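The primary structure of each chain is shown beneath.
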Amino acid sequence: MDMDKLVSLCKRRGFLFQSSEIYGGFNGFWDYGPLGVELKRNVKEAWWRDMVLTHDELTAPAGAPEEFQMVGLDCTIIMHPQVWKCSGHYDLFHDYMVDCRETRRRYRYDQVRGRWVAFREKRVFIATELEEGAEQDTQQRALKFLNLRAKDADQLKWDGPVVSLPTVNDLSLVLAPDAKTPGTLTEPREFNLMFKTIVGALGSKDDEAFLRPETAQGIFVNFKNVLDSSRVKLPFGVAQMGKSFRNEITPRNFTFRSREFEQMEIEFFCPPDASRQWYQYWRDRRFRWYTELGLAGERLRLRDHSPDELSHYSTGTADIEYAFPFLPEGEFGELEGIAHRGDFDLRSHMEGKLNPSTRPLQLELDESGKPRWRGSGKDLTYFDADAFERDKERLGVKSFKEYVTQRQGESNPNLPYQYVPHVVEPSAGADRATLAFLCEAYNEDEAPDENGKLQSRVVLKFHPRLAPVKCAVFPLVNRDKMPETAKDLYRALKKRFNVFYDDKGAIGRRYRRQDEVGTPYCITVDGQTLQDQTVTIRDRDSLEQHRMKIDDCAAELERRLG
Ligand code: GAP
C-alpha cells in the first residue's frame, strides 16, 4: 500500500490534519478531523467496552487462570513530581541524541542508519534518516559527496549492508544525514523525554512538574485508593486511557511517533506465584483483540522479547507489532507491549526509587547512603483476608499478628497472605492502533456504477465497530417524496447510530464517497419504497444489495453492527 495515498486521503476526507496547519504545522502533533475523531473514539470505546465494561467478573474467561475484576480510573496528566522520581522516569527516561554542528539538526542516535563506502583512498559512513529507500539515498549522497555522476555509481565500493549509527566507533568518518562534510556529529548525549512545566506563579525549580509520559503511574499511585474504595480483590485489573506526552527527538511516520498521544493501559495486579500465568493470558488476549477487529494475517505479529531486550524490572515482555507500510519490507512497529513487571512499581512508590542493577531489586542510595528518591512510605501491600480466614484454624493461630510472630526469622514471614502484588501491564497506544486500522482498511478495487460499468474505487474496509459512520441514507432521486421518506429514516436511525444523509450527485458517486470513508452500509429509498415501504441496504465489501422493510432497518443495522 502506498502510504502517500493514505496520508492524502486522511487529509482530504477529514481523518487527520497537521496540528496548527495554518501556521505551517507543529512537528510531532496531529489533530483528528470530523471522521478521524469518530474512528479514534470507536477504537478507544471498543477497548474500554471489551476490557472493562462488558467484563464478566463471575466467570473465568477462556485461557484465564481464574475469574477476576476490572475497574477503571481517570487520573490527572500532571502529577506530584515525586511520582516520576520514584518510577525512574526522572533519571532514566531518555533517548540518546546526536547533533549536527553543520546543519544544527538533531537526530535520535539509534534512528540514524547508513553504509560504509570506499572510493580511492577515502572511506566514509554515509548516514541517512530514511527507513525506506536507505540504499538509494546513501548512493545519491555518496555520489554527490564524492563529486561523481550517476553513471560512475559502479566505482563506489560499498562495504556491508545498511547498519545503525551506534555500530560506528569513529563519528569523524560519518557524513551526517543532511551535511556536506563528514565529522559534524557530536558524541551521543542523553535527552530526557518528559515535558517540563511550571505549576503556580513563582516559577522556581521547586515548582517544576512534568506532563505524564505514560498513564500507568496514575494507576500505581491509586492502587490503595482503588482497593479501599471498590472492594476489589486480587486478581484485578485497573484500566486507564488518556493523553501522554513525550518530547520525542525525531517524531515521524505520521502519527506513529508523536509528541502528544493517547495510551490505553491496564495494570493487572495478581499474587506473585500466579503472575507468569496471568502474563501469558494477557499476552494472548490482547493479541486476539486486534485480530478480532480486523488486523489479522501476516502484517500482525506477537513477538516475545529476548532476555537482553527486557527492561530492568521485567521478567517477560511481548510486543504486538504491525507491519506499517512506511517501514522497510520485513520490519514491524510496536502497537502494544505486554510486560510482566513483578513488584517493581508498587515497591518503588512504597520504598523509593529502586536500583535497576540490583537483583533482587534494592533501594537506590545516594553518596551519603540515603534513598536517592524517597517513596511515599505508604503500605501498598495486599492482605488476602479471605485466604487467611480460610486457613487460620489449620495454622493454629487466632490472628495474623500471631501468624507473623510464629514465623519470625523467615525471609518473608507474611507470605502467602500479605505481599506486594505483581503486575502484568498490557500497554497500548490509541493513535498507533487507529493508524494500523487505517492502513489495514485501505483497499483499491472495482465496483459497478449506476450503469453497471466497473469503476475503480478506494475503500476503507473498517470493522463495522470501528467505522466512523455506520450507515448512509440516500433518496435515489430528489423527487416523488423520496427525500422526505429518506430524511424520516435518517432521523429515526440517527437516534441510535452515527448515520449520514446524502442527496447530492449520482447514486454511484454517493456510494463511492461512503466507500472511501469506510461506511459499511448504505440504505437507498427508491420508487418501490413508496409502494411497499421497502428499501435496499448495500454492503460495502460484498456490494450485495438486499431489500427489506423500512421499519426493520434499525434492528437490521443493530444485528449487522454487532
Ligand atoms: N507504561 C508502559 C509504556 O508506556 P511504552 O512501550 O513506552 O510503554 C506503550 O508505550 C504504547 O504507547 C506503545 O506500544 C505505543 O503504542 C504507544 N506510544 C509510545 N510512545 C508513543 C509515541 N511517541 N507516539 C505514539 N504512540 C506512542
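Use the structure listed above.
Quick summary incoming for the structure in this document.

Cut-offs and rules
- Residues numbered from 1 in each chain as written.
- Predicted model: local features only at pLDDT ≥ 70, side-chain atom pairs only at ≥ 80, totals over all residues.
- Heavy atoms only, no water.
- 1 Å grid on protein atoms, 1.4 Å probe; cavity = no way out; pocket = protein on both sides within 12 Å on 5 of 7 lines; lining within 4 Å.
- Points joined across faces, edges and corners; volume = space filled by probe spheres on them.
- Helix = DSSP H or I, 4+ residues; strand = E, 2+ residues; numbered from the N terminus.
- Nonpolar A, V, L, I, M, F, W, Y, C, P; charged D, E, K, R; others polar.
- Pairing = 2+ DSSP bridges.
- Axes fitted to C-alpha atoms, helices over the stretch in contact; angles between N-to-C directions.
- Contact = heavy atoms within 4.5 Å.

## Thoughts on the layout of surface pockets
Here comes step 1: Empty space within the second largest pocket amounts to approximately 420 Å³.
Here comes step 2: If you go around the second largest pocket, you meet 17 residues; those closest to its centre are Asn 42, Glu 45, Arg 49, Arg 465 and Lys 470.
Here comes step 3: Only α2 (34-53) and α16 (553-561) provide two or more residues apiece to the lining of the second largest pocket.
Here comes step 4: The greatest single-element share of the lining of the second largest pocket, amounting to 6 residues, is contributed by α2.
Here comes step 5: Class assignment of the residues belonging to the lining of the second largest pocket gives a composition of 6 nonpolar, 3 polar and 8 charged.

## Some thoughts on the sheet that holds strand β28 (residues 534-539)
Here comes step 1: With respect to topology, 5 strands assemble into an open sheet ordered β26-β25-β27-β28-β29, the strand pairing being mixed. The outermost strands of the open sheet, each flanked by one partner alone, are β26 (499-501) and β29 (545-549). Direction aside, the axes of adjacent strands within the sheet are offset by 25° on average.
Here comes step 2: Where strand β27 (residues 521-525) lies against β28, 4 bridges are found, and the strand directions are antiparallel. Looking across to β28, one finds that Tyr 521 is bridged to Asp 539.
Here comes step 3: Contacting β25 (471-475), β26 and β27, helix α13 (residues 482-494) runs over the sheet at an angle of about 165° to β25.

## Let's talk about the sheet that holds strand β6 (residues 113-119)
Here comes step 1: Read from one edge of the open sheet, 4 strands run β8-β6-β7-β9, paired in mixed fashion. Two strands bound the open sheet, and with one partner strand each, they are β8 (157-164) and β9 (174-175).
Here comes step 2: Summarising the sheet, strand β7 (residues 122-128) and β9 pair through 2 bridges and their orientation is parallel. Across the sheet, Ile 126 pairs through a bridge with Leu 175, a residue of β9.
Here comes step 3: Along the sheet, helix α5 (residues 134-145) makes contact with β6, β7, β8 and β9, crossing β7 at roughly 135°.

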